[in-house]
Amino acid sequence: GATAVLLGWRATTIDVDVLFVPEQEEVLRAIPRLKEELRINVELASPGDFIPLPAGWEERSPSVVREGKLTFRHFDPYSQALAKLERGHAQDTGDVRSLLDWGLVDAAGLRSYFDEIEPELYRFPAIDPPSFRASVEAAVAQRRD
C-alpha cells in the first residue's frame, strides 16, 4: 500500500507494512507514537512473512530517501507482486496490474521469480501452490492481452 501511494497509482492505504534491517529497538519503540501522529496502522510485515523470497530481492528494492542514518526503500516489486497474487484480494490484483503497467515488474520476470520460489512453497503450508501458480499465470496472460 505504501508503494502504491508513494508512486501515485493509489491515493490512500489502510496500513503501512515495514521491515527494519537491522531491527533497532529505538525505531521499534517509536512506532506506536508515529501510528497515532500519522493516524495509520503500521504492521511489522513484509512479503517474506507470506511467501519465499526470490534471490536478489534486496538489490531489487529501490531506494526512496535517506534521512540521517536511515535509508527507506520500497520492498522488491517482484516480491510484492508475488505476495499480492498469492493473497488474491481485488485490491492486490489491481496493484499487480499497476506494477506491470508502471514497468516496475514485467511478465517474464514475474513468471521466472515464481518458478524460482515454487520449490520452497512447502515452507508456507497455508499456500496452495496450484492456485498460486494460476494467479501468476492469469496476471501474466492478462498482461499479454
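See the structure above.
Rules behind the numbers
Residues numbered from 1 in each chain as written. Predicted model: local features only at pLDDT ≥ 70, side-chain atom pairs only at ≥ 80, totals over all residues. Heavy atoms only, no water. 1 Å grid on protein atoms, 1.4 Å probe; cavity = no way out; pocket = protein on both sides within 12 Å on 5 of 7 lines; lining within 4 Å. Points joined across faces, edges and corners; volume = space filled by probe spheres on them. Helix = DSSP H or I, 4+ residues; strand = E, 2+ residues; numbered from the N terminus. Nonpolar A, V, L, I, M, F, W, Y, C, P; charged D, E, K, R; others polar. Patch = residues over 30% accessible without salt bridge, like charges linked within 9 Å, V, L, I, M, F, W, Y side chains within 5 Å. Areas by Shrake-Rupley, 256 points an atom, 1.4 Å probe, with all protein chains shown as cover. Salt bridge = Lys/Arg side-chain N within 4 Å of Asp/Glu carboxyl O. Buried < 20%, exposed > 50% of the residue type's maximum accessible area, 1.4 Å probe, protein only. Core = buried A, V, L, I, M, F, W, Y, C linked by side-chain atoms within 4.5 Å. Contact = heavy atoms within 4.5 Å. Pairing = 2+ DSSP bridges. Phe/Tyr/Trp six-rings, centres within 6.5 Å; stacked < 30°, edge-to-face > 60°. Lys NZ or Arg CZ within 6 Å of the ring centre and 35° of its normal.

Draft legend 1. Main features of the layout of surface pockets. Estimates place the volume of the largest pocket at around 1,600 Å³. Forming the boundary of the largest pocket are 46 residues, of which D17, V18, L19, R73 and F75 lie nearest the centre. Looking at the lining of the largest pocket, the elements with two or more residues in it are α1 (2–7), β1 (15–18), β3 (63–67), β4 (70–73), α3 (77–87) and α4 (90–101). The class makeup of the residues in the lining of the largest pocket is 22 nonpolar, 12 polar and 12 charged. Computed from the structure, the second largest pocket encloses a volume of approximately 270 Å³. Around the second largest pocket, the lining is made up of 13 residues, and of these F20, I31, L34, L38 and V42 lie nearest the centre. Listed by contribution, the elements that provide at least two residues to the lining of the second largest pocket are β1 and α2 (25–38). With seven residues, the top contributor of residues to the lining of the second largest pocket is α2.

Draft legend 2. View of a nonpolar patch on the surface. A contiguous nonpolar patch, built from L6, L7, V64, V65, L70, F72 and W102 and spanning about 600 Å² of accessible area, is present on the exposed surface. Contributions of two or more residues to the nonpolar patch are made by α1, β3 and β4. Along the polypeptide, W102 turns up in the loop between α4 and α5 (107–117).

Draft legend 3. Broad picture of the pattern of salt bridges. Scanning all chains against the criterion turns up 12 salt bridges. Of the charged contacts, one joins R10 and D95 as a salt bridge, the two residues approaching to 2.4 Å between their closest N and O atoms. Here R10, found in the loop between α1 and β1, pairs with D95, found in helix α4; they are 85 residues apart in sequence, far enough to count as distant. Residues R10 and D95 agree in their burial class; the two are buried. One salt bridge in this structure joins R87 and D92, with 2.7 Å as the shortest N-O distance. According to the relative accessible area criterion, D92 is buried, its value standing at 2%.

Draft legend 4. Region of interest: the nonpolar core. Within the largest apolar cluster, 24 residues are counted, with the highest numbers of intra-cluster contacts made by L82, L110 and F132. Mapped by element, the contributors of at least two residues to this core are α3, α4, α5 and α6 (129–144). With residues up to four places along the chain from it excluded, the contact list for F132 reads I51, L82, L85, E86, F114, I117, L121 and I127.

Draft legend 5. Representation of the pairing of β3 within the structure. Across four bridges, the pairing between β3 and β4 is antiparallel. From the neighbouring strand, S63 faces β4, where its bridge partner is R73. In sequence, β3 turns back onto β4 through a hairpin of two residues, with G68 there showing a positive phi of about 60°.

Draft legend 6. Structural detail: the packing of aromatic side chains. Summed over the entire model, instances satisfying the criterion amount to four aromatic pairs. Seen from their ring centres, W57 and F75 are 4.6 Å apart, and the 5° between their planes marks the pair as stacked. With W57 in the loop between β2 (41–44) and β3 and F75 in the loop between β4 and α3, this residue pair connects regions lying 18 residues apart in the sequence. Side by side, W57 and F75 carry an identical accessibility label, which is buried. The cationic tip of R60 hangs over the ring face of Y113; the distance from NZ or CZ to the ring centre is 4.1 Å.

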